[in-house]
Structure formats: C-alpha cells, structure tokens
Amino acid sequence: MSRYWSSVVHRLTPYVPGEQPRLPQLVKLNTNENPYPPSPHVVAAIAGELAADGASLRLYPDPNAERLRAAIATLHGRFGVGSEQVFVGNGSDEVLALAFMALLRHELPILFPDITYSFYPVYCALYGITYLTIPLSEDFRIRVEDYAAANGGIIFPNPNAPTGCLLPLVAIEQLLLRHRQSVVVVDEAYVDFGGESAVALVDRHPNLLVVHTLSKSRSLAGLRVGYAIGQRHLIEALERVKNSFNSYPLDRLAIVGAVAAIADEDYFETTRRAVIRSREALREALLLLGFSVLPSAANFVFVRHPQHDAGELAARLRQRGIIVRHFPLPRIEQYLRITIGSDEQCAVLLQALRELLAAC
Ligand SMILES: *Cc1c(COP(=O)(O)O)cnc(C)c1O
C-alpha cells in the first residue's frame, strides 16, 4: 500500500502464476508446459534472426507481425481464415487482456464458469467489468442452458481449465446463437490435445472470438506468443486497443520463432500425439491407484483420491521434488491438477504416489 498508488491499483488482486522454482532435478508438473522442446526449426530461425551480430535488433519489429499472421491464417486455412482475421499478442494472456477491454467491457456483467481460468476475474477487476459465475454441473461440465442471464459477453476455456473437460462444438454454436448480442470468447489454450476448434464456426458467427496460444502444444511458453481469430470487426477492436497501448507486442525473435513452429507440422503432430498417449497411460495408472480422474482433452489431468487430502498429497510430493497444482478453492480443494510430463516424469510421479499412498 502506498499513497502514491492510483485507486485502480488499490482495488487489484493480481493473478498468481504457478511457481517456477529453480531447483535442479525438479519434476515440474504444475503449469502445463510441454515436456518436449520446441521444434528445432524454432531455434534455427531465432539463430538466423540473430545473425550479423544481431544487426536486425536495431530495428523495430513489424508492428502487425504480418508474416506470423499469414502463417496462422494458413494453419487454419481449411476454414477460410484470412490474415486480416488474425490478431497476435505477447502470449494469449495479453490477447485475453485486450479482448476484455475491447470486447467484454459493457454495461452488463460478463459470464464465465465458477471453476475456470483464474485470470478472468483479475481482468474484470482491472477494467471494472462486473461478472457472474455460472456453476459447472456436478461432474464439472459447462451446461450452455445455464447461460441465460443478460450479459455483456461470455468467456470460457475449451477444454476448460483446470478440469480438462471439453464442450462439443454443437453446444458452442447454441451459445453463439442464443447470445447474438454479445461476444463469446472461446479460450482454446489446450484444444490441440483433444478438442475440435471453434475456428470452424468463425465465418458463420460474427460474435465469436477464438483465442490460441503457442505456449502449450507448440512448447513455446517462454517465447510468449498467442493469437485470436474472429471476423474482421472483432479483430479491428483488438487492434485499436493494442495500438493505444503497445504497438510492438511481439519482438523479432518471437515472430520468426512462432512462424517456424507453425511451419513444422510433423514435429507438432509427433509431440502432440506423444503427450496424448502419455496422458491416457497416466490416467490408467492413476485409476489403478484409486484416484478418480476426470476425462481430459488437455495436457493435464484433474484428479482426487477418496482417502487422501489433496493439499497434503501436493505438499508431500513437493518434498520429493515433484510439483503439481493444488487450488484451495470451493468445490475443487480436494483435486490436484497434474501436467502431463515426459514418460520418465510420469513414472517418477507414479512411484512417489505409490509410496505415499502405502505410507498413510
Ligand atoms: C496457459 C493458459 C493461457 C495463457 O497462455 P499464454 O499464451 O502463455 O499467455 C490462457 N488461457 C488458459 C486457459 C491457459 O491455461
């Protein structure tokens, strides 16, 4: 607290990201990073950009990242996406932050699930947006029929976080038709691990914005690249806010690295499939240990053990250098969210759990 703070700062409750401890040998399964490195083409492209003693770094990057937007449009080309329907930002968190300002800040409250990405209420506080949370069903599903209140917009991740549950496209389309007066933002951070992208609906729905990130399925959390796809009028709103805040959200290295990652389809498919395979194997093994495991379409599983306290399990795993995420929040305080690691990391986790469950 300081008397120099603005009234906005006094009101904020900032988001707390999962910890990034600098411990050697850590089995880090707490922030949904990809266990595999990015495509080798990413490193080559960044090295290329740094050639000639990094002379290009003297110059500002392309403020509109045209090359990257074209690559993203091509990636989603089968749905007829053009680069003018793509907006890029410094991680999808930034894209989301701009979307809250540009498209969700209206007179009416926005709607999102009671259990969801905990950054959404933080953006609401930042911009003074009111919101209503809509409870997930008992089995943690989004029921679109519950989204009935008058609203200034709707946002949810699909698959949802931290549950991993997937909402089918038909349900998203119902929501879009029922709420034509407001923007529906579908945050597809995990869609590559088992979902069907709502980008398929963009050309039919003027109120749909789909947000993606390269942090999870492209192994580039450290490069900070996210994007949104929507009809031109929505993208233009994001551009107007972005150009009122920071004209160059993506630096030169991020632009070339992201283009290279998107171009390497084979590597993407291989690593994506490996994560999905590991997820299913981990799920089976956890079920055998007596955990209940929600079906996941993401790169994490959301689990509970009927006989063991989740907070305590997380603390004991931590003592062994294994970090998972525990949210001490209503309805989910007995759950752990475990990121899918490499098969080696999953094996270490399972061995630790076997020993912990046997000991108490
Ligand atoms: C990880 C995540 C993001 C943020 O991704 P970045 O692109 O790394 O900022 C956004 N939404 C959800 C639901 C996420 O899990």
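The paragraphs below set out a description of the structure included in this document.

Here is what the cut-offs are and how they apply
- Residues numbered from 1 in each chain as written.
- Predicted model: local features only at pLDDT ≥ 70, side-chain atom pairs only at ≥ 80, totals over all residues.
- Heavy atoms only, no water.
- Helix = DSSP H or I, 4+ residues; strand = E, 2+ residues; numbered from the N terminus.
- Rg over C-alpha atoms; globule rule 2.2 N^0.38 Å.
- Buried < 20%, exposed > 50% of the residue type's maximum accessible area, 1.4 Å probe, protein only.
- Contact = heavy atoms within 4.5 Å.
- Lys, Arg positive; Asp, Glu negative; His and termini not counted.
- Charge placed at Lys NZ, Arg CZ, Asp CG, Glu CD.
- Core = buried A, V, L, I, M, F, W, Y, C linked by side-chain atoms within 4.5 Å.
- Domains from an automatic or database assignment.
- Near = heavy atom within 4 Å.
- Polar contact = N/O pair within 3.5 Å; in protein donor to acceptor, adjacent residues only side chain to side chain.
- Areas by Shrake-Rupley, 256 points an atom, 1.4 Å probe, with all protein chains shown as cover.
- Nonpolar A, V, L, I, M, F, W, Y, C, P; charged D, E, K, R; others polar.
- Phe/Tyr/Trp six-rings, centres within 6.5 Å; stacked < 30°, edge-to-face > 60°.
- Lys NZ or Arg CZ within 6 Å of the ring centre and 35° of its normal.
- Pairing = 2+ DSSP bridges.

### Brief notes about the overall build of the protein
Next up, step 1: Scanning the protein from terminus to terminus reveals 12 helices and 12 strands.
Next up, step 2: Relative to a compact globule of 360 residues, whose C-alpha radius of gyration would be 21 Å, the protein shows 21 Å and is just as compact.
Next up, step 3: On the principal axes, the C-alpha backbone points of the protein span a range of 60 × 55 × 50 Å.
Next up, step 4: Out of the 360 residues belonging to the protein, those deemed buried represent 54%.
Next up, step 5: For the protein, contacts bridging at least 24 residues in sequence account for 72% of all contacts bridging at least 6.
Next up, step 6: For the protein, the centre of its 34 positive side-chain charges and the centre of its 36 negative side-chain charges are spaced 3 Å apart.

### Some words on the nonpolar core
Next up, step 1: If you look at the biggest cluster of nonpolar residues, it comprises 55 residues, and the most contacted ones within it are Leu68, Phe140, Phe156 and Ile172.
Next up, step 2: Counting residues per element, this core draws most heavily on helix H9 (residues 252-263), which supplies 8 residues.
Next up, step 3: Mapping this core onto the domain boundaries places at least three of its residues in each of domain 1 (7-38 + 268-359) and domain 2 (40-265).
Next up, step 4: Listed in part, the 33 residues of the second largest apolar core include Leu289, Ile338, Leu350 and Ala352.

### A look at the site of the ligand
Next up, step 1: Taken together, 13 residues are adjacent to the ligand, and Ser92, Tyr190, Thr213, Ser215 and Lys216 come closest.
Next up, step 2: Side-chain polar atom of Tyr190 to an oxygen atom of the ligand: 2.5 Å apart, as the coordinates give it.
Next up, step 3: In this structure, Arg224 approaches the ligand through a side-chain N or O atom, which is 2.7 Å from an oxygen atom.
Next up, step 4: About the coverage of the ligand: the protein hides 93% of its 390 Å² of free accessible area.
Next up, step 5: The greatest single-element share of the shell around the ligand, amounting to 3 residues, is contributed by helix H5 (residues 92-104).
Next up, step 6: Split into classes, the residues belonging to the shell around the ligand amount to 5 nonpolar, 4 polar and 4 charged.

### Thoughts on the packing of aromatic side chains
Next up, step 1: Enumeration according to the criterion identifies 14 aromatic pairs in this entry.
Next up, step 2: Ring geometry for Phe112 against Tyr131: centres 4.8 Å apart, planes inclined by 25 degrees, an arrangement best described as stacked. Pair noted here: Phe112 is in strand E3 (residues 110-113) and Tyr131 is in strand E4 (residues 131-134), with a separation of 19 residues, a long-range link.
Next up, step 3: Residue classification places Tyr131 among the partly exposed residues on the basis of a relative accessible area of 37%.
Next up, step 4: Centroid distance Phe119 to Tyr123: 4.4 Å. Interplanar angle 5 degrees. Geometry classified as stacked. Each member of the pair, Phe119 together with Tyr123, is buried.
Next up, step 5: Of the aromatic side chains, those joined through ring pairs into one cluster are Tyr15, Phe100, Phe112, Tyr117, Phe119, Tyr120, Tyr123 and Tyr131.
Next up, step 6: Over the face of the ring belonging to Phe268 we find Arg218, whose NZ or CZ atom lies 3.8 Å from the ring centre.
Next up, step 7: Against the face of Phe300 rests Arg337, its NZ or CZ located 5.7 Å from the ring centre.

### Some points on the pairing of strand E8 (residues 226-230)
Next up, step 1: The element E8 is extensively covered by neighbouring structure, given that 5 of its 5 residues are classed as buried.
Next up, step 2: Burial along E8 is two-sided: Gly226, Ala228 and Gly230 and Tyr227 and Ile229, pointing in opposite directions, are all buried.
Next up, step 3: Bridge count between strand E2 (residues 86-89) and E8: 4 bridges; the pairing is antiparallel. Pairing of Val88 across the sheet is with Tyr227, part of E8.
Next up, step 4: Alignment of strand E7 (residues 208-213) against E8, held across 5 bridges, turns out to be antiparallel.

### Describing the side chain of Asn160
Next up, step 1: By the element assignment, Asn160 lies in the loop between strand E5 (154-157) and helix H7 (169-178).
Next up, step 2: Beyond its immediate chain neighbours, meaning those up to four positions away, Asn160 contacts Pro113, Ile115, Thr116, Leu136, Cys165 and Phe300.

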